Amino acid sequence: MTDPSADQSPPVPATSDEPRRSLQRDVVFASVARQLFEGFDAAPVTLGPFVVMHRIGEGGMGTVYAAYDPRLERKVALKVVRERGVAPAAHRRLEREARAAASLAHPNVVPVFETGRAADGSVFIAMELVEGRTLRRWLTQSPRTWSQIVRMFIAAGQGLAAAHAAGLVHRDFKPDNVLVGTDERARVTDFGLASSLAEHPSTLSDDSRSDSYSWPEHRSIPMRGGTAGYIAPEQRRAHPVGPASDQFSFCVALREALELGALPLHADPSAPTPRPFRGPARLRRVLRRGLADSPRERWPSMDALLLELQRVVTPRRWPWAVAALSVGLGLVGAGLWYDAELGQRCAGAPEQLANTWNEAVARDVREALLRTGKSYGPRTWERVHAELDRYANAWVEHHLAACEATRVHQEQSEEVMDLRMACLARRRLDLRALLQVLARGHESTTSEAIDLVAQLPMLSRCDDVEALRSELPAPHDPVIAERAQALRERLTGAWWRRRSGEDEGLATEVGALVEQAEALGHPPVLAEALLLRGSLRDDARGDEDPKPDLERAYLLGATHEHQPVELHAAGLLAFVTGTDEHDHQRSRHWSQLALALADRPYTPANARARTWTHVGAALNRRGKSEEARALHERALALREATFGPQHPSIAATLHSLAVVMNSQGKPTEALEYGRRALAFWESTMGPEHPRVAKILMVMGHSSERAGHYDEALALHERALAIVTATWGPEHVTVATALNGMGNAWKQKGDLDAALPAYRRALAIEEAAQGPEHPYVAGLRSNVGALLMAQRRFTEAQIELEHALSTWETALGQEHPYVSGALLNLGNLFIRKGEDDKALPYLERGLALAEAHLGSQHPRVGMLLQSLATLYRHQERIEAARAHFERALELKEAVQGPSHPATIDALLSLGELERSQGRIADARVYFERALAHGRVEQDERAELEAWLAEHPARP
């Protein structure tokens, strides 16, 4: 399409009073279209669905007309390629490439709306009718400074770069194929059209002209798909062409504009010319590389060339603009960087985002979420749709605000706008990658979708200029910058796949990305790739140790000041070493380091909260539950302040706090946190969502600890039904629910129901984790304790000793879990009447529990109770009394006066005092126990009879 001002008919005066009259007059022009259609025997007034109005000019091999589309009530530019002299295959290729160009949406490209064939076989292409002039005309209309020229060419070059990313090569770039609209925005036209005709050079005539406003020194002669003087050497020699050929043509055109309109017609366009050159010597050097004879010697991409040009025109007082633009231009190839070029007005943000989030994409995501048939699918889609709309609208608002602050209100510099725009471009890349994951509809996607959307990076970060300035700049080498950006885009997609649970083939893909990052030689990108691979290996919990990757990622991040990677790696290492690896010394080291890094200025709120959560989980596993609680509460407060009360991360933190409260032996507080989390998940995701099941199991554990055994059993049974329906009967989460049910049955006294639940849970966990995993040892310990209650002492001892050995080997002899195994073995030997064997187990267990769980932990109370029982057997009455009294004090304070454990301590003290003839003291303990109504009926009758026989003295 060419300059509308080149119309050879008299110009139509504009009217402002009645648009309908303008339309009627335009249609009248269709009556003379018969005379203007060159090469047609009987040119129709209509062409396909379009009404032809008048000819605009020539465009490559075709004639361009102004036309009207009655379907959408808009004017279009209609390019018609005559059938005569053009091979049918060329027509077919033209149609294919026109369709490809139609898929390219970019503010610096003239959009193609439609392509089709006329009745006589001629091909027509409908494009946007741009009101303006060609770039060549723009250059001559008024004096332009060298920087104005370069900036206009940068805008046009971004259109070329976007086309290259879409797989299109122009092959005929020149000022005549760039339109500058009345809005002063450059738009490249004729994408891919000349290239399809280039395969038939015999059809091209030296008499063809692309524009009637050529400069005197210039003859526009299409040759092998390009115009003489602009085409690259490889194009002239009929060799394969690619993006580097467009780069050559671009540099010829720019040098022509800077040399006062003189097109280099000599044999070597890249050689120096005697003509005056407007611009610094650095600019000449940039163009000289783009004009190299060999494509390999030119800039590695249009993005790299545009970056160097921007560096030339960027004022020195804004040193950060180059670094910001280097990030932005790296995203042009993905179609993500549209508005960073200087001089463009603040418009088009909705159109930019429309390529990422639109009705078609929404339909694909909806179908993927509902395809699984899960009961919570519709509710999930409703929430996801609303959140994606909200994010998209917010992105447009931030984009407009960032632009208007510079271009309209003049409140910020171009440098600041570029920083903010680069940040928004990265956010859109994350959004696109997430949508691709959601639309693929992996098996786990529906259950994770709401969480995934909640993990989109915050847009408010793009308003924090100082934080943006603290981020890692792009590499100075444009070749490395471009390749690094390409790797980052692929890593972004892989991160979203990992978060969604879509892991098929992901480890292999990420391994390849690590290798590519190694070869690139840019350490920050390598750190990012290693962080991702280490995270995947931690997820898998397989044979590949995640720590080497995470440690190397941390070191590279620290060395090269890549703070996000440095912090994330340190937090993960604290978590891995403290939970999965149970290396508590190293976990302490990484925890301290991660907490210090999280407190640095400009650390995003979500990264800081994530670090506190990682370290809190590690501390809780190490028995530091009070410290863990403090960190989780800090994370909760920060997330509530940052995201509001309805964000999924709030419910996740409440879940973590419930777990910590259970570890502290505070089931009432755990239940309160659990109820808050449950209310959120049920209202947001529905009552049958896996997240609901997970918090139900935590609450079941709390209820069992609180002595509400029927409630605990009901909670675990509901959780079991959900996880079995979601993941099948052999999933490890099923084992967790079964274990909870076993605990509840045991506490209710139904040992025959508890044992099958424990055994099935053990089988599932052992199949998934292997026989020596700490989780498997926990289930063995439960089985052993139950067998002991059934007086099957030999079988019980085998299970309990196996659990102790596994925990000591896997977790270390000082781990809190070990104290539980020691308690069970001590009780076993007491029941067998082997008190001497029991004593060292119980004494060691008490020392471990007090040191690592704290003096108020329920396990300390259980160990005190067992030791007191042992001392009573040994007639060590004072020691027994002291331990019983301390156990009672602890249980009353932590678990409450009516908890079964407290009742048990009261009864034990009463029996001790009765055996010693201390009737009054015995009466006090027995009466307190009976007052809470939680004593078995037979025992209650016996105690009431005794109390009646031993009335209190007045």
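Residues numbered from 1 in each chain as written. Predicted model: local features only at pLDDT ≥ 70, side-chain atom pairs only at ≥ 80, totals over all residues. Heavy atoms only, no water.

A closer look at the pattern of salt bridges
Under the criterion given, the structure shown has 51 salt bridges. The residue Arg407 makes a salt bridge to Glu414 at a minimum N-O spacing of 3.1 Å. One salt-bridge network, held together by shared partners, links Glu878, Arg881, Glu913, Arg918 and Asp921. (Salt bridge = Lys/Arg side-chain N within 4 Å of Asp/Glu carboxyl O.)

Examining helix 35 (residues 835-852)
With 18 residues, helix 35 should reach 26 Å at 1.5 Å per residue; the first-to-last C-alpha distance of 26 Å fits that figure. Within helix 35, burial applies to Asp835, Ala838, Leu839, Leu842, Gly845, Leu846, Leu848 and Ala849. In this structure, the buried residues of helix 35 make contact with helix 34 (816-831) and helix 36 (858-873). Positive phi shows up at Gly854, right after helix 35, with a value of about 95°. (Helix = DSSP H or I, 4+ residues; strand = E, 2+ residues; numbered from the N terminus. Expected span 1.5 Å × (residues − 1). Buried < 20%, exposed > 50% of the residue type's maximum accessible area, 1.4 Å probe, protein only. Contact = heavy atoms within 4.5 Å.)

Quick word on the nonpolar core
Of all hydrophobic cores here, the largest spans 166 residues; its most connected members are Leu388 and Leu438. Looking at this core, the element that brings in the most residues is helix 15 (residues 414-440), giving twelve residues. Excluding residues that lie within four positions of it along the chain, Leu438 makes contacts with Val365, Ala368, Val384, Leu388, Thr445, Ala449, Leu452 and Val453. If you look at the next biggest cluster of nonpolar residues, it comprises 39 residues, including Ala186, Cys251, Ala253 and Leu291. (Core = buried A, V, L, I, M, F, W, Y, C linked by side-chain atoms within 4.5 Å.)

A closer look at the packing of helix 13 (residues 359-371) against helix 15
Close contact between helix 13 and helix 15 brings their axes to 7 Å; oriented N to C, the two are set at 45°. For the element pair helix 13 / helix 15, the angle class is oblique. Counting all contacts with helix 13, which are made through Val361, Asp364, Val365, Ala368 and Arg371, the residues of helix 15 involved are Leu435, Leu438, Ala439 and Arg440. A per-class count over the contact of helix 13 with helix 15 returns six nonpolar, no polar and three charged. (Axes fitted to C-alpha atoms, helices over the stretch in contact; angles between N-to-C directions. Parallel < 35°, antiparallel > 145°, perpendicular 65-115°, else oblique. Nonpolar A, V, L, I, M, F, W, Y, C, P; charged D, E, K, R; others polar.)

Describing the pairing of strand 6 (residues 123-128)
Burial of strand 6 is extensive: five of the six residues sit out of reach of the surface. Where strand 4 (residues 74-81) lies against strand 6, six bridges are found, and the strand directions are antiparallel. Looking at the pairing, Val80 lines up with Phe124 of strand 6. Bridge count for strand 5 (residues 112-117) against strand 6 is five bridges, and the pairing is antiparallel. (Pairing = 2+ DSSP bridges.)

Looking at the confidence of the model for the protein
Reading fine detail from the predicted coordinates is not recommended where pLDDT is low. On average, residues of the protein score 81 in pLDDT, and 82% of them reach the 70 mark or higher. Taken together, the stretch residues 1-44 has pLDDT below 50 and engages in 76 contacts with residues farther than four places along the chain or on a different chain. Low pLDDT, under 50, characterises residues 261-274; the stretch is placed with 33 contacts to residues that sit more than four places away or in other chains. (pLDDT = per-residue confidence, 0-100.)

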